[in-house]
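Read off the chains here:
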Amino acid sequence: MTRRTTTGEGAGGGVFRCTAPAKINLLLRVVGRRADGYHLLRTVMTFVPALADRLEILPDPPEGGDRLEVRCDPPVTGRMEDNLAWRAADALRRAAGSEGVGRGAVI
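Remember, it's a predicted structure, so these values are computed and weren't measured experimentally.

Draft legend 1. Local environment of helix H1 (residues 84-96). In this model H1 runs 18 Å from its N-terminal to its C-terminal C-alpha over 13 residues, within 8% of the 18 Å that 1.5 Å per residue would give. Check the buried side of H1 and you find it contacts strand E4 (68-69). The N-cap of H1, judged by a side-chain oxygen 2.9 Å from the amide nitrogen of Ala85 a few residues on, is Asn83.

Here you go:
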């Protein structure tokens, strides 16, 4: 189960925090491919709450603008644009369009 909390910190109205439990695939079968290149999967999985990632999103970084930053321990290696958290935040930012004020975030 994912736990979520929001606090009043940050210029954009709060820090969002959640935990995402690890999952174990007990069965994983590739059954096709979608038009966007991702695979269609058939899976049986279970979650492991004792092993979880902690995610914290701080909107509107102090530097302002629409900059996205992902901080990880251990640090992200490779291109930031390949990081799934960064890609999700970028897609959300683009969906907000030009009307989004302070569309940046520190994740």
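Draft legend 2. Geometry of the pairing of strand E3 (residues 39-59). Strand direction decides the pairing type here: strand E2 (residues 15-33) and E3, joined by 16 bridges, are antiparallel. Paired with Phe16 across the strands is Ile57, a residue of E3. Linking E2 to E3, which pair antiparallel, is a turn of five residues; within it Gly37 sits at a positive phi near 95°. Examined bridge by bridge, E3 and strand E5 (residues 105-106) share two bridges and lie antiparallel to one another. Bridge pairing in E5 links Pro59 to Ala105.

The rules behind each value
- Residues numbered from 1 in each chain as written.
- Predicted model: local features only at pLDDT ≥ 70, side-chain atom pairs only at ≥ 80, totals over all residues.
- Heavy atoms only, no water.
- Helix = DSSP H or I, 4+ residues; strand = E, 2+ residues; numbered from the N terminus.
- Expected span 1.5 Å × (residues − 1).
- Contact = heavy atoms within 4.5 Å.
- Polar contact = N/O pair within 3.5 Å; in protein donor to acceptor, adjacent residues only side chain to side chain.
- Pairing = 2+ DSSP bridges.

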